[in-house]
Amino acid sequence: MYREKTLSLLKNYFGYENFKKGQGEAINSIASGNDTFVIMPTGGGKSLCYQIPALLLDGVTLVISPLISLMKDQVDGLNSLGIGATFINSTLSKAEVSERLIDISNDKYKLVYLAPEGLDNINYLFRNIDIKIPLVAIDEAHCVSKWGHDFRPSYRKINDFINNINPRPTVLACTATATDLVQKDIINLLALNSPNVFFTGFNRENLTLKVFRGENKDNFILDYIDNRKDESGIIYTSTRAETEQLSNLLNKKGYKSGIYHAGLDESTRAEMQENFMYDNFNIMVATNAFGMGIDKSNVRYVIHYAIPKNLEAYYQEAGRAGRDGEPSECVLLFNNKDIQTQKYFIDNSPMDEYKKSQDYNNLRTMVDYCYTQKCLRKFILEYFGEKETEDSCNNCSNCINENELKEITTEAQMIFSCVYRAEERYGVNTIIDILKGSQNQKILRLGLNKLSTYNLMVNYDRKFLEEVVNKLIADGYLLMTSEQYPLLKLTSKAKIALKNKESIFIQIRKAEKVREEDETLFNLLRALRKSMSQELNLPPYVIFPDSTLKELSSRLPLTETEFSEIKGVGKNKLEKYGDRFLEVIKNYVGENGIIRNPGTASSKSSAKETVMGEKVKSYYETYNLYKEGMTLEEIAKSRNLTSTTIQKHIMDCVLEGLDVNLDDFIPKHSEEAILEAIKKVGAEKLRPIKDILPEDIDYMAIKSVICKHNLI
Ligand code: ADP
Ligand code: MG
Ligand code: ZN
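All figures in this text were calculated on a predicted structure; none of them were measured in a lab. (Residues numbered from 1 in each chain as written. Chains lettered and ligands numbered in written order. Predicted model: local features only at pLDDT ≥ 70, side-chain atom pairs only at ≥ 80, totals over all residues. Heavy atoms only, no water.)

(A) Looking closely at the coordination of the zinc ion (ligand 3). Protein-derived coordination of the zinc ion (ligand 3) comes from Cys375 (SG), Cys393 (SG), Cys396 (SG) and Cys399 (SG), at a distance range of 2.3 to 2.4 Å. Given four donor atoms and angles of 100 to 120 degrees at the metal, the environment of the zinc ion (ligand 3) is assigned as tetrahedral. The sequence motif formed by the donor residues of the zinc ion (ligand 3) is C-x17-C-x2-C-x2-C. (Donors = N, O, S within 2.8 Å, 3.2 Å for Na, K, Ca; no water. Tetrahedral: all angles 85-135°; square planar, octahedral: opposite > 155°, others 65-115°.)

Shown next, in the form of structure tokens:
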């Protein structure tokens, strides 16, 4: 019932035309006063689920959000949309708090962000001012549950806090957490009152999932970031030491990276986080201490340098890529020996045996993910209990064949045999020295040149041998011991393979395509955004997300009206930032003599997302002619295409959500007859419908009625 009103808030403040999945329903539920539980993946748009009700409802909405360091950004973001918001937490002085309380009681704010710590005090403070609190939203609500990975003891006090507010406000809990156990726990601990639960599924279509086993990780990462110099990314390592080493390596090679782990003091961490948010460096190398609630929307990739402890943690961390909905990658680099690190963490934790065995099982599943041949997305979604998932997503390294299988049975046998002859007493380098017939001191001194496998692989490239050994380790044929000078040993898998003369395959990664999109304008807009970010002291993505800059650079708006139709441009941002962005676009269009496709910039009246320089989709051309007022026959004639093709084009436009008036194709007074016919014979096939209708009603009319009434 609030739909119309909420849609206009969505457009005016946030600059979006449509709700994302679940948002509209959740907002409706909250605005009608029902406790509500929203489970959406990261980037699903949970914030809007309380921000819009806050605008609709009388009084001040309180938002409990876990990280003090993020509150300022969240509030700045709202202010830049023209929404009154503030926060109260321990970073403020007493005087500042009193000042804000006065402003709150003077209705200056629609939203107030609070930290879970210090809620007792807030209760006390609010008692002295006269305010209405219609809604309390708990963001990252899984923090209440001990079973989740981000448990925060102070979250346990939220229920008391709510009960102390009179009358009891509506409560909204938001989380991206997948497990049933945690979800039930949240409902219990927050004492949600028969909540409406909105669950949108965990799929994130814009994320490309990739797993690579046995890569030389440092080289992989150097290649990878070289191809993405201007993009933001996070690299997760499993230990602090790895974080520091990798970041040093990247910086030495001329990239700008920062680090984040729990061993840094708080101010360093805050500084690192801020620099990353502000795009002062592109790459954040971090342990899992980094990331809860990170709202930076333009993280284009998340690489895992090693496996995390379970698939839930993996998806949570990897999911920090691509919040803005733009294509982004999640890459997992797997090596068998990383399992040891995770096992070590489990073994040395203070948990009881039962919990430890659960953790071992979860780790096992994490490793299975690294080896599975099936669709990675399907694997994850099924793990989270989703049914009826697609068999192939066409967007993961298994579906798109990023890896080739290569048979290396002979090579593997030679290597195994060498490890065996050398009595499993040497490391990788020495084994390769023996195979390559090296004359070095160590080999000669130890008499390894007398082994039967000495010189056996002299014709092989050393790099190739290293790679094969790595892959054999990754795939569990060879084992590297965890001593200071690790030794190479044969596993039972290798012994069985040798005995049964099994064929052995390894995965070889196909070379990455170098990307050649023309991003000149996008980069100009990004540079403008960066310099404005410094002037305004706002993170760049708060000014406009990457998705908005992408759309600006493909649709090339030249007027304020056109600009306002771009996704992510609300009234306030149009006013504040519009001119400067328009200026850059106009200059670019002028200097390069670009002629826009007819109507490129206007979403309402024309085809969307025509990428500059790309061949315009044929049905867009039809659409533009249709919009100029031509009939379908006239279009067919002028384009030299059959009218059936033109009809199909129009239907493609309808399916894409372009503005087509279907009534144009339904002759007057025939709609009823068509609906009647469909009732009789169903809408699956057109022919039977046509057969029982008068001759002069054509297929286009039938299709239009079907589309108009959503009968497919
Ligand atoms: P979550 O908290 O669920 O991870 P956010 O609330 O941070 O997600 O939203 C993620 C991104 O999606 C933000 O950049 C936000 O502006 C954008 N977004 C939210 N709602 C919409 C919408 N209806 N249409 C387009 N983008 C949206
Ligand atoms: Mg969020
Ligand atoms: Zn897939």
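That shown, we press on.
(B) Looking closely at unusual backbone geometry. The omega angle of the peptide bond from asparagine 166 to proline 167 is -5 degrees, so this bond is cis rather than trans. Its location among the elements puts proline 167 in the loop between helix 7 (158-163) and strand 6 (170-175). Although it is not a glycine, aspartate 107 sits at a positive phi angle of roughly 60 degrees. For asparagine 455, which is not glycine, the phi torsion reads 75 degrees and is therefore positive. Looking at the element boundaries, asparagine 455 is found in the loop between helix 18 (441-445) and helix 19 (462-474). (Helix = DSSP H or I, 4+ residues; strand = E, 2+ residues; numbered from the N terminus.)

(C) Structural context of the UniProt feature "domain: Helicase ATP-binding" (unreviewed entry) in the chain. Cross-referencing UniProt, the feature "domain: Helicase ATP-binding" (unreviewed entry) maps to residues 27-196 in the present numbering. Structurally, residues 27-196 is divided into 39% helix and 16% strand, and its ends, taken at the C-alpha atoms, are 11 Å apart. (UniProt positions renumbered as here; feature names shortened; annotations may be inferred.)

(D) Main features of the domain arrangement of the chain. Under the domain assignment used here, the chain contains domain 1 (3-199), domain 2 (207-392), domain 3 (405-509), domain 4 (520-606) and domain 5 (618-708). Averaged C-alpha coordinates put domain 2 and domain 4 at centres separated by 32 Å. Between domain 2 and domain 4, the contact holds twelve residues from the first and 14 residues from the second. Interface area, domain 2 with domain 4, both sides summed: about 1100 Å², of which 46% is carbon and sulfur. Considering only the side of domain 2, the residues that lose the most area to domain 4 are Asp230, Tyr278 and Glu326, jointly responsible for 43% of the buried surface there. Counting every contact that joins domain 2 to domain 4 gives two salt bridges. Between domain 2 and domain 4 we count six residue pairs in polar contact (both at pLDDT 80 or more) in total. Grouping the amino acids of the side of domain 2 that touches domain 4 by side-chain chemistry returns two nonpolar, three polar and seven charged. (Domains from an automatic or database assignment. Contact = heavy atoms within 4.5 Å. Buried area = accessible area lost by both parts, 1.4 Å probe. Salt bridge = Lys/Arg side-chain N within 4 Å of Asp/Glu carboxyl O. Polar contact = N/O pair within 3.5 Å; in protein donor to acceptor, adjacent residues only side chain to side chain. Nonpolar A, V, L, I, M, F, W, Y, C, P; charged D, E, K, R; others polar.)

(E) Geometry of the site of ligand 1. Taken together, 14 residues sit near ligand 1, with Tyr16, Gly43, Lys46, Ser47 and Arg323 positioned nearest. Take asparagine 18: an N or O atom from its main chain is 2.9 Å from a nitrogen atom of ligand 1. With respect to ligand 1, the backbone of glycine 43 contributes an N or O atom lying 2.6 Å from an oxygen atom. Protein chains shield 85% of the accessible area of ligand 1, which is 570 Å² for the free molecule. In terms of residues, the shell around ligand 1 owes the most to one element, helix 3 (residues 46-56), which gives three residues. Looking at side-chain class alone, the shell around ligand 1 contains four nonpolar, seven polar and three charged residues. (Near = heavy atom within 4 Å. Areas by Shrake-Rupley, 256 points an atom, 1.4 Å probe, with all protein chains shown as cover.)

(F) Expanded view of the nonpolar core. Counting residues in each nonpolar core, the largest one holds 137 residues, and the members touching the most others are Leu62, Ile104, Ile138, Tyr369 and Phe581. Ranked by the residues each element gives to this core, the list is headed by helix 25 (residues 571-591), at eight residues. Beyond its immediate sequence surroundings of up to four residues, tyrosine 369 is in contact with Leu209, Val211, Leu311, Tyr314, Leu332, Leu376, Phe379 and Ile380. Listed in part, the 33 residues of the second largest apolar core include Ile431, Ile443, Leu448 and Leu488. (Core = buried A, V, L, I, M, F, W, Y, C linked by side-chain atoms within 4.5 Å. Buried < 20%, exposed > 50% of the residue type's maximum accessible area, 1.4 Å probe, protein only.)

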